[in-house]
Amino acid sequence: MTLLQVDGLGVRFQTREGVVEPLDDVSFAIEAGQIMGLVGETGSGKSVTAQAIMGLLPYLNGEICSGRIWLRGQDMRDLPEDRWRTIRGNQISLISQNPMTSLDPVYRVGHQIVEGMRLHLAISAREAHRRAIELMASLRIPDPERVFQQYPHQLSGGLKQRIVIAMGLCADPKLLIADEPTTALDVTVQAQIVTLFKETTRKFGIGLLLITHDLGVIAQICDTVAVMYAGTIVESGDVHSVFARPRHPYTRALLGCVPKLGMPEGALSAIPGNVPSVRTFPTGCRFHPRCEERRDCCQQAKPKMNLIGREIWVGCLKYDSQRRDCW
Amino acid sequence: MWRFMVRRVLLLIPIFGVVSVIIFSLVHIVPGNPIDNLMGPGMTKAHEQQLIEKYHLDKPIPVQYLIWFKNMLHGDLGRSIVEKRPVSELLMHHLPYSLSLGLTAIAISFVLGVSMGIVSAANKNRLWDHSAMLVALFGVTIPSFWLGLILILIFAVWLGWFPVSGSGTLMSLVLPAVTVGLGGAGLVARVTRVSMLEVASKDFIVLLHAKGLGKTAILLRHILRNALIPVITILGLRIGWVLGGAVTVEIVFGRPGLGQMLITGLYRRDYPVVQGAMLLLAMGIMLGTFLADVLYAYADPRVRDQHD
Amino acid sequence: MSAVDALETVAPPDNPWLRRLKKLTANKAGLAGIAIIVLLIGVAILANVLAPYSYKEQNLAEMNLAPSRTHLMGTDEFGRDVFSRIIHGSRISVYVGVVSVGLSVLIGVLIGSVAGYYGGWLDQLLSVVTDLTWSLPEILVALLLVAIVGAGLECVIIAVALTYWAQYARLIRGQILMLKTEVYVEATRSLGATDFTILFRHLFPNAIAPVLVAATIGIGQAIVLEATLGFLGMGAQPPLPSWGAMMSNGTAYLFISPWVIIFPGLAMMVTVLGFNLFGDALVDILDIREDTIR
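Keep in mind the model is a prediction, meaning the values are calculated, not measured.

1. Re the overall build of chain A
1) Next: Secondary structure assignment for chain A yields 11 helices and 12 strands.
2) Next: By the compact-globule yardstick of 20 Å for 327 residues, chain A fits well, its C-alpha radius of gyration being 21 Å.
3) Next: With the principal axes as the frame, chain A shows a C-alpha extent of 70 × 50 × 40 Å.
4) Next: Within chain A, contacts between residues separated by at least 24 positions form 63% of all contacts whose residues are at least 6 apart in sequence.
5) Next: Here chain A contributes 37 positive and 34 negative side-chain charges, whose respective centroids are spaced 1 Å apart.

Take a look at the structure:
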């Protein structure tokens, strides 16, 4: 049974200036013990996807307007709020972007871990304390007993992030969503955290949705990858295949943007144009205004996901067998 | 925490020094000769010499100040010209009335104000929010003496529930305490609302939802706990403020508090009394500020470490 | 904070004054506030025309009459028409409010900006004085000033001005401290601008917004303080119909003719409400962060 299945997800938000639809027809799947990377530029809709999976959209003036989400075979759409509360933190956990601001400044960090634990598990305070220390130790937090009693502002960025991870893991979730977990950290700390993710998810058989704009991190630990652009998935599949042989023009351009040692001077490329604002998504294929390979039909028809090979999906008209007239 | 408190106390000492200088100089700043100011009714030229000796008016001013200061430390604040009693005795008589009124009023301000603030923040921009904030606005802008008079009119004269004036009984405390309390409640409500909305938009709140915490638990255990930090400091300051700031309410309700003592002294040019009352009020305000700082450090762990 | 914010693009900037006007017209409370202020100023200017009776003419045959068709708000203990006295009293309120706040802001901004801009020991010294003045209950400060300066309308204006300067000083100091570190200040200085120029042409326009809001609300505060002093007998002297003095005289007749107290109080409440509503609206219009006002 697939751990997480997302099918044709569309999301709608009410803003002051009207209704916007930041996500359209997003589909992917994650198995238990698998790490999937969700990559895209800022504004591509990655965080919104995470919020949708967590059922947090109503708190942000949003709602799912199309598609379905299945968690371990259970349909998550239209679940009542009290069911969601047993799922959040318990079956799905979210680790969010900035560890500096993810913790409540007035409570000790140990308390915040225990709080999450006792919310979902029927254990005593003493048992929760013991488990929390154990968890902290397994995340390689030095001197866990002392750190337990400290306040967030007394800890370094890397330590804080480990605490946030501990908070995420404390109630034995099946699925972990990490939203840009390394962006706010030093490079050396980044490497440690990333390795930690890989070890922990393997060890506990947890599925991990790793949201990031850092292609290097994806290459390091992800099994599969989904590339997002302007609220749609343009390419997804096994990470090695996608990175070695990107098919979607955007994926290719993205990978081409990363500077590599030994590159000839002057070869740094950028994708011309800007990421479209959520209110002014282009018609047809959302990438077509910036695409080098565009044809006329790209403006009219919205590409659907086409299966290439065994498990690569590409959302481009070029690969659509029904579009031979234009491609 | 202790080091923080000790440092705060040490800082107060020079401030108290400056304040005492100002209070002392009052007698010399107000229009009129200090001797004339100290002369009570029915005194003659002969008394003048006595007064000069007694109050050391022939010595240079800094010396006068030091003598006055030394006496103050011994609890000798002079005698009231009009009442002919030691000022310290008068202070001890008036202080309890101010304290009882002040503390009750602050309790009312806190309970009412925080409740209104929570209701407002939870119903942002809807009816409850606008209504509560309108009431809070009135609380802040209504002159307290007018509010007191209106309350007397409604609750003492027309309804007869409470006595019109007087002191010493619980019933006579209600209307004055409500009058002072409503003013503070308005301020507390506005600050609570702003603070709660600010905390609610912080990143860690989303994560609390993600943990699976319910809305009420998040509101009370996390948002409120963070939001009350600035509110508590305001209450600490208010304690000092309310001792003297309630003077009009004391007059309207006929309560013999410190404010009333001060203004009566001013009317009658009874300057030792004025100085004594001002000294006690200044001490109260400094204590209030100190309390506010301590409470702030207690409530916000980040501040504690800053000062250690 | 929401993910959607990352997706929104910045609206193209248009004329800032048009934008502010639009916000003002959308803010109903603010419009109500302006209406009240305009009404107040109108009444004050046209007092002689609007008041049906003289404010000082006594008519002992008509003492303490309840509100009726001939005396809309009743009469006081000297037979004077309360309604007319309130109308004339509005002049005193406007006069005191505007002049004392004007003085207050002048003093406060001067001290606060010097303290904030130059820093160091000057800042420390001025800040201690400012904070001391600010933390005292205003009524006590005002009373002490009156004791020194004297009673009467002009003295009250000075006393009120000297009571409130500290809050403006604190505000502008805070703003300048914040703005001082911005890069454009350094850039301007490196181009050779004097301190004076930097202060006036660059820092002030940006720092002045919260002060404007505080001053608007401050007019209401000043009116209340004058009324309180008047209530304590220290304000405008009789027969001037200061609202506070009216209420003070009326206290003795609370049981007999409560309208003498109720109506001036209502007038004052509405006035202060108007300034407060407008001040709150200004926060929105001028895009000020709410927590800078405290």
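2. A look at helix α10 (residues 215-245) of chain B
1) Next: Look at α10(B): only 39 Å from first C-alpha to last across 31 residues, short of the 45 Å you get at 1.5 Å a residue.
2) Next: The largest bend along α10(B) measures about 45° and falls at B:L224.

3. Here's the deal with the side chain of C:D76
Residue and element names in this part refer to chain C.
1) Next: Note that D76 resides in the loop between α4 (47-50) and α5 (82-118).
2) Next: Engagement of the side chain of D76 in a polar contact is seen with the side chain of R85, the distance being 3.5 Å.
3) Next: Each residue touching D76, except ones within four places of it in the same chain, is listed here: M63, N64, V82, R85 and V260.

4. Quick look at the interface of chain A and chain B
1) Next: Between chain A and chain B, the contact holds 26 residues from the first and 22 residues from the second.
2) Next: Carbon and sulfur atoms make up 61% of the area that chain A and chain B hide from each other, which totals about 2,200 Å².
3) Next: Applying the counting criterion to the chain A and chain B interface returns 2 salt bridges.
4) Next: Among the ionic pairs, B:K211 bridges to A:E115, the shortest N-O distance being 3.1 Å.
5) Next: Where chain A meets chain B, there are 11 residue pairs in polar contact (both at pLDDT 80 or more).
6) Next: At the level of secondary structure, the elements contributing two or more residues to the side of chain A that touches chain B comprise β6 (92-95), α3 (109-120) and α6 (157-169) of chain A.
7) Next: Per-element accounting of the side of chain A that touches chain B gives the leading share, 5 residues, to α3(A).
8) Next: Residues of the side of chain A that touches chain B, tallied by class, amount to 13 nonpolar, 9 polar and 4 charged.

5. What about the sheet that holds strand β11 (residues 306-308) of chain A?
All names here are of chain A.
1) Next: One open sheet accounts for 8 strands, arranged β6-β7-β8-β3-β9-β10-β12-β11; its pairing is mixed. Edge positions in the sheet fall to β6 and β11, since each has one partner strand and no second. For this sheet, the mean inter-axis angle between neighbouring strands, taken without regard to orientation, is 20°.
2) Next: Alignment of strand β10 (residues 232-238) against strand β12 (residues 312-314), held across 2 bridges, turns out to be antiparallel. Directly across from S236, in β12, lies its bridge partner W313.

6. Section: the pairing of strand β9 (residues 224-229) of chain A
Residues and elements named next belong to chain A.
1) Next: For β9, the tally of buried residues reaches 6 of 6 residues, placing the bulk of the element in the interior.
2) Next: The alternating pattern of β9 places T224, A226 and M228 and V225, V227 and Y229 on opposite faces, both of which are buried.
3) Next: The pairing of strand β3 (residues 35-39) with β9 spans 4 bridges and is parallel. By the bridge assignment for β9, V39 is matched with V227.

7. A short note on a nonpolar patch on the surface
1) Next: A cluster of nonpolar side chains, namely B:I154, B:V157, B:W158, B:L159, B:W161, C:F255 and C:I256, defines an oily patch on the protein surface of about 750 Å² accessible area.
2) Next: Note on placement: B:W161 falls in the loop between α7 (144-158) and α8 (170-200).

8. Considerations on the environment of B:A121
Residues and elements named next belong to chain B.
1) Next: Relative to the helices and strands, A121 is located in helix α5 (residues 87-122).
2) Next: Accessibility expressed as a relative area gives 13% for A121, which makes it buried.
3) Next: A sequence separation of 158 residues divides A121 from L279, and the C-alpha atoms of the two residues are 40 Å apart.
4) Next: The contact partners of A121, leaving out residues within four places of it in the chain, are R193, M196 and L197.

Thresholds applied
- Residues numbered from 1 in each chain as written.
- Chains lettered and ligands numbered in written order.
- Predicted model: local features only at pLDDT ≥ 70, side-chain atom pairs only at ≥ 80, totals over all residues.
- Heavy atoms only, no water.
- Helix = DSSP H or I, 4+ residues; strand = E, 2+ residues; numbered from the N terminus.
- Rg over C-alpha atoms; globule rule 2.2 N^0.38 Å.
- Contact = heavy atoms within 4.5 Å.
- Lys, Arg positive; Asp, Glu negative; His and termini not counted.
- Charge placed at Lys NZ, Arg CZ, Asp CG, Glu CD.
- Expected span 1.5 Å × (residues − 1).
- Bend = angle between axes of the 7 residues up to and from the residue.
- Polar contact = N/O pair within 3.5 Å; in protein donor to acceptor, adjacent residues only side chain to side chain.
- Buried area = accessible area lost by both parts, 1.4 Å probe.
- Salt bridge = Lys/Arg side-chain N within 4 Å of Asp/Glu carboxyl O.
- Nonpolar A, V, L, I, M, F, W, Y, C, P; charged D, E, K, R; others polar.
- Pairing = 2+ DSSP bridges.
- Axes fitted to C-alpha atoms, helices over the stretch in contact; angles between N-to-C directions.
- Buried < 20%, exposed > 50% of the residue type's maximum accessible area, 1.4 Å probe, protein only.
- Patch = residues over 30% accessible without salt bridge, like charges linked within 9 Å, V, L, I, M, F, W, Y side chains within 5 Å.
- Areas by Shrake-Rupley, 256 points an atom, 1.4 Å probe, with all protein chains shown as cover.

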